[in-house]
Amino acid sequence: MEVRTLTSSLAGAQADAVVVGVYAEEKLSAPAREVDEAIGGLLTRLIEAKEISGKGNEVFTLWGQSGVKAKQIVTVGMGPRASRDAGAVHRAAGAAARAISSKARGTVAFALDDDLEAAAIDSGVAGAMVGCQGQDLFRAERRQHPFQEILWWKGEATSLERGRVLGECVNFTRRLVNQPAQDIYPESFAQVASEMAGQCGLTAEVWDLARLEAERCGALLAVARGSAREPRLVIVRHQGASEVAPTLALVGKGVTFDSGGLSIKPSDSMKTMKCDMAGAATVLGAMRAIGLLKLPVNVVGLMGLVENMTGPAAYKLGDVLTARSGKTIEVLNTDAEGRLVLADVLDVAQSGGADRIIDLATLTGACVVALGTEVAGLMTNDQTWCDQLSTAAAACGESVWQLPMFAEYDELIQSEVADIKNIGQGRWGGAITAAKLLEQFVGGLPWTHIDIAGPAFRDSAKPWCDAGASGAMVRTLVEVVRRLGEPAS
C-alpha cells in the first residue's frame, strides 16, 4: 500500500473518501472546518442535531456532497482533545478505515487534525492500514478491502514511511497468525522467516531437528514429539550497531497448533489454537520493521516452533525433561507446553550473547482471567527494564500491566523429583508461576516476559480492527528498539 502526503486541499482531493476527525464537545478541527465550509456548514448542523458527537471511534458517512471531489466524507470521533494520544489516533484511523473498507476503495485521504505529533501520525497511518485489512483470507467475497493508497494531510514523508512500515508489519504478523495450522507449521513458518529476512536486510539461521538434538534442547523436543511436524528454531539477526554494542534478544513462543497434548483441550478451546504461535509471529513482525527502518541497535529474534499433538510418541505426565541448560523439569500438564519451549529458546538467547531479553507468548489463560482480553501482562526480574517497556507501550497506546514476581512464587514450582515442575500448585497465580519457570532460564540477564494470551487474538471485532489476530505488541517492540537507539542525553 502506498502512503503519501496530501498536497491538494481536502475539497480538491482526488480520493474515494476523505476522513476528518471530530472532537467531543469542542470546535471543529482545522481540516473538519475546511470540509464543513466546502459543504455549506453541513457538519456543523449535524453536530448541533447531535447526529455527530465526536465520541471516540464513532464513524459517520456523507455521500455525494457538492463542494468536494471525494465521493464520501467520513467523520470519525476523536474523543476529548485532552485525552488524545498516539493510541487514540491509531484507533480512530483504524475505525474509519474499517468502516470504509467494506467496499473496494482506491485512494482514501485522512485529515484527523492539523497538529498531530510525529508519533501520532506514525500510529494513525498504521491504524488505517490495520483497519482496512480483515481476517477473511480465504473468502471468495471479502468483507474488507485494503486501500490501494492513503493520503495523509500535512504528514512528513519520514513519519508517513514509519507509519507505513509499522502498519505493514502489524498486518504481516496478523496474516501469519490468521492462517490455519495446515499452512503455518514449524517448517513453513521457518521458510517465511528466511524469505522475509532476505528481503529486509536481516540474516536468518534455522535449527532443524538434528541441530536441536545436537544442542540438547530436551524441553522443546519433548513438546514436539507428539506431532508428525518436525520442530524448528529460527534465529533472525539485525546488526544495526557495531559488533561490540549491546544486543537485545526478542524471544517468541511458536506453538503453531496446540491440542494440549495428552492433557487434551476441549474442542471449543482448540478452535483458535492456530494463534498459539502469536508470540513468534509478533517477534518476526517486529524484526521485519526493525530491519526495514534500519534502527541503529543490534537485535536478535529467536522463535521456537513446535506443534503440541497427541501422537504415539507424545510426552507424558510424569516425564522428567532435561532442558538445554541442564535443569530438569517434571511434567505435570502437557498443556503447559509453551514454557517448556521457551525454556530452551531463552537459554539459547542468554548463552548466545544477548545483553537483555524480552519474551512474548500466548502463555496462560490465567493472565486473561487476571487482566482481561485487551491487556498484556508483564513480569520481570529487572524493574528498570520493565519500566522501559511499559513506557514504550504507553507511547504506542498498547495496554500492559505488571504482575508481581515475589520470591514466594518460586516455591510453587519446586518439584519433589526434579529441579522444577511445569505448573504451580492448583489454580492460583498461574500466569506468575509460568513466568517464574521462564526466569530460571535467562541466566540473570535483565528480562521481561509479556503474556499476550488476551490481546493477541480476538473472538469479535473492535471498531478499529477485525476479529482474529490483532498484531498486538509489534509496535511496542519496535518502539523499545527505537528508544534504545536514541543517543544518550
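Rules used in this analysis
Residues numbered from 1 in each chain as written. Predicted model: local features only at pLDDT ≥ 70, side-chain atom pairs only at ≥ 80, totals over all residues. Heavy atoms only, no water. Helix = DSSP H or I, 4+ residues; strand = E, 2+ residues; numbered from the N terminus. Rg over C-alpha atoms; globule rule 2.2 N^0.38 Å. Buried < 20%, exposed > 50% of the residue type's maximum accessible area, 1.4 Å probe, protein only. Contact = heavy atoms within 4.5 Å. Areas by Shrake-Rupley, 256 points an atom, 1.4 Å probe, with all protein chains shown as cover. Lys, Arg positive; Asp, Glu negative; His and termini not counted. Charge placed at Lys NZ, Arg CZ, Asp CG, Glu CD. Disulfide = S-S within 2.5 Å. Pairing = 2+ DSSP bridges. Axes fitted to C-alpha atoms, helices over the stretch in contact; angles between N-to-C directions. Polar contact = N/O pair within 3.5 Å; in protein donor to acceptor, adjacent residues only side chain to side chain. Salt bridge = Lys/Arg side-chain N within 4 Å of Asp/Glu carboxyl O.

Draft legend 1. Region of the structure containing the overall build of the chain. A count of helical and extended segments in the chain gives 15 helices and 19 strands. Taken over C-alpha atoms, the radius of gyration comes to 23 Å for the chain, in line with the 23 Å a tight globule of 489 residues would show. Here the C-alpha coordinates of the chain stretch approximately 80 × 50 × 40 Å along the principal axes. Counting all 489 residues of the chain, 58% fall into the buried class. At a minimum sequence separation of 6, the contacts of the chain that also span at least 24 residues come to 77%. Roughly 19,100 Å² of accessible area belongs to the chain as shown, and the carbon and sulfur atoms make up 49% of that amount. Looking at the chain, you have 47 positive and 58 negative side-chain charges, and the mean spots of the two groups are 5 Å apart.

Draft legend 2. Quick look at the state of the cysteines. Scanning all chains against the criterion turns up zero disulfides. Counting only cysteine sulfurs, Cys465 is the nearest neighbor of Cys132, a cysteine outside any disulfide, at a range of 11 Å. Among the residues examined, Cys132 registers a relative accessible area of 0% and is labelled buried.

Draft legend 3. Region of interest: the sheet that holds strand E2 (residues 17-23). Ordered by their spatial adjacency, six strands build an open sheet running E1-E6-E5-E2-E4-E3, and the pairing between neighbours is mixed. Looking at which strands have only one partner, the edges of the open sheet turn out to be strand E1 (2-6) and strand E3 (59-63). Across the sheet, the axes of successive neighbouring strands diverge by a mean angle of 25°, strand direction being ignored. Relative to strand E4 (residues 72-79), helix H3 (residues 86-100) is tilted by about 150°, and along the sheet it contacts E2, E3, E4, strand E5 (107-111) and strand E6 (149-153).

Draft legend 4. Quick look at the side chain of Gln144. Looking at where Gln144 falls in the secondary structure, it is placed in the loop between helix H4 (118-131) and E6. Its relative accessible area of 6% is what places Gln144 among the buried residues. Engagement of the side chain of Gln144 in a polar contact is seen with the backbone oxygen of Gly131, the distance being 2.6 Å.

Draft legend 5. Representation of helix H1 (residues 30-38) in the model. Taken residue by residue, H1 has Ala30, Pro31, Ala32, Val35 and Asp36 as its buried positions. Lining the buried residues of H1 we find E2, helix H2 (42-48), E4, E5 and E6. Taken from the residues just after H1, Gly40 is the one with a positive phi, measuring 70°.

Draft legend 6. Highlighting the pattern of salt bridges. In total, this model carries 32 salt bridges according to the counting rule given. Notably, a salt bridge pairs Arg4 with Glu149, separated by 2.4 Å at the nearest N-O pair. Separated by 145 residues along the polypeptide, Arg4 in strand E1 and Glu149 in strand E6 bring together distant segments of the chain. A relative accessible area of 36% places Arg4 in the partly exposed class. Residue Glu149 is classed as buried on the basis of its relative accessible area, which comes to 12%. Where Lys253 meets Asp276, a salt bridge forms, and the shortest distance between an N and an O atom there is 3.0 Å.

Draft legend 7. Representation of the environment of Thr476 within the structure. Assignment of secondary structure puts Thr476 in helix H15 (residues 474-484). By relative accessible area, Thr476 is classed as buried at 0%. Apart from the residues lying within four places of it in its own chain, the contact partners of Thr476 are Leu389, Ala392, Ala393, Cys396 and Glu398.

Draft legend 8. Looking closely at the environment of Ala435. Among the structural elements, Ala435 can be located in helix H14 (residues 430-439). When the C-alpha positions of Ala435 and Leu363 are compared, they lie 9.0 Å apart, and in sequence the two are 72 residues distant. For Ala435, the contacting residues outside a window of four places in its chain are Met379, Met405, Trp447 and His449.

Draft legend 9. View of the sheet that holds strand E16 (residues 420-421). Within the open sheet, the three strands sit side by side as E11-E12-E16. Their pairing is mixed. Edge positions in the sheet fall to strand E11 (320-322) and E16, since each of these pairs with one other strand and no more. Pairing of strand E12 (residues 328-330) with E16, which is carried by two bridges, proceeds in the parallel orientation. Within E16, the position partnered with Glu330 by the bridge is Lys421.

Draft legend 10. Spatial organisation of the side chain of Asp258. Residue position: Asp258 is located in strand E9 (residues 247-258). On the accessibility criterion, Asp258 (2% relative accessible area) is buried. Of the polar contacts made by the side chain of Asp258, one reaches the backbone nitrogen of Gly260; its length is 2.8 Å. At a separation of 2.8 Å, a polar atom in the side chain of Asp258 contacts the side chain of Asn308. The residues contacting Asp258, other than those within four sequence positions of it, are Lys265, Met270, Met273, Asp276, Asn308, Asp335 and Glu337.

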